[in-house]
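Descriptive analysis of the structure
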Amino acid sequence: MSSWQQKQFIVDANDSFRTFDYDDKLPNLPVPSLEQTIQHYLESVKPFAESDQEYQQTNKIAHDFLVGEGAYLHSKLLQHAMKNRNWVEKWWEDYAYLSLREPLLPHCNMVGPHPTLPGYPYGPEQQIRLASAYCHQMTRLWQLLRQERLKPTVTATKQPLSMDQFRRIYNCSVTPGSPKDTMKAFFKTEREGFCPSHVAVLSKGHMFLVAAVRQDGQPLSQSEWEHQLTIVQQTAAAHPGQDVPYLSCDHRSTWAQNRQHLKELALVNAEILDTVSSAMFVLCLDDTCPTSEAAISHQLLCGDYRCRWPDHASNVVFFSNGRSGGICVHSAFDGIVSGVATLFAHSGVIESIRDCISSPISPNLTEPHQLKFVLDPFIQSEIKRAKIAQEVEKSKVTMCTEVFNLFGKQRIQNLKIHPDSFIQMALQLAYFRLHSRFAPCYETATTRIFYHGRTETVRSCTEQCVLWVKSMMRPHEKDQTRAKLLLRAIDKHNELMAKARNNEGCDRHLFGLYCIAVENNLPVPQLYLDPLYKKSGGGGNFILSTSLLGYSPTAGGVSPMCLNGYGVFYSISPESLMFTISVRRDSPETSSNKLFQSLHHSLLDMVSLLEAHMSSKL
């Protein structure tokens, strides 16, 4: 990505709209009709019914819900939507994210390796140089957001998308609590007022505060960052750190108790915790040396927790050889948002490293301030306990990033097929070949055309997809028949994606109705207790949890939704496809390597099948 491309992110003098100008003008999130939701839901459960009798039982439960308690809950939801422009927003944050009690790492946060610099000699002594270049670019983007000069995103048809999530890239943290966490965003635009401009830097169990903006209001240059981070590195190496970050990687309720104990122990502790929470971002200087995308992904998820602060919305991790990646709080924003920040910073780093421009150090530069907690024997024992306990948590999850480089977006589009739908079908075929059954699949669809929109679910395992996969498993099936079935399955996926983007899926609506029941102390409807609800993915039981991260070299992912599930996240480049696959180690069924190999073969089979079909029609 060149510097010219980076400039495409920036509002210029001819642009009439600034970053957040569209947000209040976007339409409210609509509530689908209950009839439409039930019809969609019933279609989605069919592939997982083991008999017609089982499906008919679910069909009866769903129709009883439609005319009975569901109708009442829907009327209450409509009343809720009259008072809330985005009726699902608060529930989604609270129940899908902030109520989870597992440690954010490795179970909840998004992680992903940064793109590599072309031809760059990664190795010893590169950590500080590259971290400095990246911090400078991250601060530039923070400044652009403060000035509202990041271009608002629009669709191919020029529909503006909500930019609200960009307010949480910086200066945003979750605070552990019980029974749920809370999230606070400290970011403000220049028009809105003051915004903290410091960065928290973690190294070898030590914590530092670095002012990212000089007294003249300008971001630190790359040379100034190198000066500051060299001081941090030398100070951290002089003696053992306090290792307090281990506590932030603990189970949420336990961390909430220990955090409160720290605050009550000394006023300075409360001040430090507030300082880290309000930081622009957290920079983690890691001593390990992963060299591949797969190793980086695993280290980000399960690496050195004494230099991680998963409460903060944005952790940037630089390893000892200069390779890097990001860790993000999923409750704050979705992966596509962090991808924009990554690409902006990456393009700027390419330019700065290529030009090798150095600048003088400001004589008024404030040196990094080391943050030292007051600890007592109880907290010290908790740090030791958490460190041991986290090794158990780390052993539960593994993640790898793999590149499929035999073709990419261009070859798929030559078939006049949407690349995302192509990959979703490949995932279903790959899973079936590996496990001999179909997988309920969650794919994210953006609903950002609406006020504060985030996502809806595309249930990619459709009846059309099942028919095609079965045809691929019949050795004597004609390829012409297979190709036609595949094209029908792709058309169905395209239809579901279009509906989901208009918030016409079934999952958010069913989720909202469930929340209405819970908050009104009503019994859980039978619909949610029916076995097919869970078997089709409901209640967070999707075996495949998937998302397209964009058409760029960015990568990332999260842990699987369930024990025997996979997290599969992918990005699409012109000549390659990148997959990040996560599994639970304690699952006797799953393997990230085996799924990728099966996916590799499925992609090749599909492109050959469709190219032959296209040739036969010429």
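The structure contained in this document is the topic of the report that follows. Computed from a predicted structure; not experimentally measured.

Conventions adopted
- Residues numbered from 1 in each chain as written.
- Predicted model: local features only at pLDDT ≥ 70, side-chain atom pairs only at ≥ 80, totals over all residues.
- Heavy atoms only, no water.
- Salt bridge = Lys/Arg side-chain N within 4 Å of Asp/Glu carboxyl O.
- Helix = DSSP H or I, 4+ residues; strand = E, 2+ residues; numbered from the N terminus.
- Buried < 20%, exposed > 50% of the residue type's maximum accessible area, 1.4 Å probe, protein only.
- Pairing = 2+ DSSP bridges.
- Contact = heavy atoms within 4.5 Å.
- Axes fitted to C-alpha atoms, helices over the stretch in contact; angles between N-to-C directions.
- Parallel < 35°, antiparallel > 145°, perpendicular 65-115°, else oblique.
- Nonpolar A, V, L, I, M, F, W, Y, C, P; charged D, E, K, R; others polar.
- Phe/Tyr/Trp six-rings, centres within 6.5 Å; stacked < 30°, edge-to-face > 60°.
- Lys NZ or Arg CZ within 6 Å of the ring centre and 35° of its normal.
- Core = buried A, V, L, I, M, F, W, Y, C linked by side-chain atoms within 4.5 Å.

Description of the pattern of salt bridges
By the definition in use, this model includes 34 salt bridges. Ionic pairing is found between Arg385 and Glu382, a salt bridge with its closest N-O pair at 3.1 Å. Of the two residues, Arg385 and Glu382 are both situated in helix α14 (residues 377-394); the distance of 3 residues between them amounts to about one turn of the helix. Residue classification places Arg385 among the partly exposed positions, given a relative accessible area of 31%. Close ionic contact of Glu456 with Arg508 constitutes a salt bridge, the shortest N to O distance being 3.7 Å. A residue pair is termed long-range when its members are at least 10 positions apart, and Glu456 in strand β12 (residues 455-459) and Arg508 in helix α19 (residues 507-519) qualify at 52 residues. For the residue pair Glu456 and Arg508, the accessibility class agrees, reading buried in each case. Each of the salt bridges in this network shares a partner with another, and the network as a whole consists of Glu43, Lys492, Glu495 and Lys499.

Focus on the sheet that holds strand β4 (residues 198-203)
In spatial order, the strands read β1-β8-β7-β6-β4-β5-β9; together these 7 strands make up an open sheet with mixed pairing. Strand pairing shows two members of the sheet lacking a second neighbour, β1 (110-113) and β9 (369-370), which therefore form its edges. Those strands touched by helix α8 (residues 222-238) are β4, β5 (206-211), β6 (282-285) and β9, and its axis lies near 160° from that of β5.

Things to note about the packing of helix α5 (residues 89-98) against α19
In the contact formed by α5 and α19, the axes pass within 11 Å of each other and the chain directions differ by 80°. As far as their axial angle goes, α19 and α5 are roughly perpendicular. Facing α5, whose interface residues are Trp91, Trp92 and Tyr95, α19 presents Arg508, Phe511, Gly512, Cys515, Ile516 and Glu519. When grouped by side-chain class, the residues that make up the contact of α5 with α19 number 6 nonpolar, 1 polar and 2 charged.

A word on the packing of aromatic side chains
Considering all chains together, one arrives at 18 aromatic pairs under this definition. Residues Phe404 and Phe407 carry aromatic rings whose centres are separated by 4.9 Å and whose planes lie at 80° to one another, so their mutual orientation is edge-to-face. Phe407 matches Phe404 in its accessibility class, with the two residues each being buried. On the basis of an interplanar angle of 35° and a centroid distance of 4.5 Å, the ring pair of Phe432 and Phe438 is categorised as tilted. Summarising the burial analysis for this pair, Phe432 and Phe438 share the class buried. One aromatic cluster is present, built from ring pairs that chain together Tyr41, Phe65, Tyr514, Tyr528 and Tyr533. Its end group placed over the ring of Tyr122, Arg323 keeps NZ or CZ at 5.3 Å from the ring centre.

A look at the nonpolar core
Core analysis: the largest hydrophobic core is formed by 84 residues, its most contacted members being Phe422, Trp468, Phe579 and Leu603. Of the residues forming this core, the biggest block, 9 residues, is contributed by helix α16 (residues 419-435). Sequence-distant contacts of Phe422, that is, excluding residues within four places in its chain, are made with Phe407, Ile412, Ile417, Leu603, Met606, Val607 and Leu610. Residues Leu104, Met110, Trp142 and Cys328 belong to the second largest nonpolar core, which totals 64 residues.

Section: unusual backbone geometry
In the segment running from Leu105 into Pro106, the intervening peptide bond is cis, with an omega of 10°. Considering the arrangement of structural elements, one finds Pro106 in helix α6 (residues 104-107). Omega for the bond connecting Ser178 with Pro179 falls within 30 degrees of zero, at 15°, which places this linkage in the cis form. Looking at the element boundaries, Pro179 is found in the loop between β2 (172-175) and β3 (182-185). Non-glycine residue Asp243 carries a positive phi angle of around 65°. Note that Asp243 resides in the loop between α8 and α9 (245-248). Even without being glycine, His452 reaches a positive phi, approximately 55°. Looking at where His452 falls in the secondary structure, it is placed in the loop between β11 (441-446) and β12. His452 sits in the buried class, given a relative accessible area of 17%.

Here we look at the sheet that holds strand β13 (residues 544-550)
Reading across the sheet, the 6 strands line up as β10-β15-β14-β13-β11-β12 and stay open at both edges, with mixed pairing between neighbours. In this open sheet, the two strands that pair with only one neighbour each are β10 (397-404) and β12. Each strand of the sheet is rotated relative to its neighbour by a mean of 25°, with strand direction disregarded. Sheet topology places strand β14 (residues 566-572) next to strand β15 (residues 577-584); 7 bridges connect them, and they run antiparallel. Within β15, the position partnered with Gly567 by the bridge is Ser582. Across the face of the sheet, helix α21 (residues 592-617) comes into contact with β10, β14 and β15 while running at roughly 25° to β10.

Looking at the side chain of Ser44
Note that Ser44 resides in helix α2 (residues 34-45). Once you skip the residues sitting within four places of it in the chain, Ser44 turns out to touch Arg459, Cys461 and Ser536.

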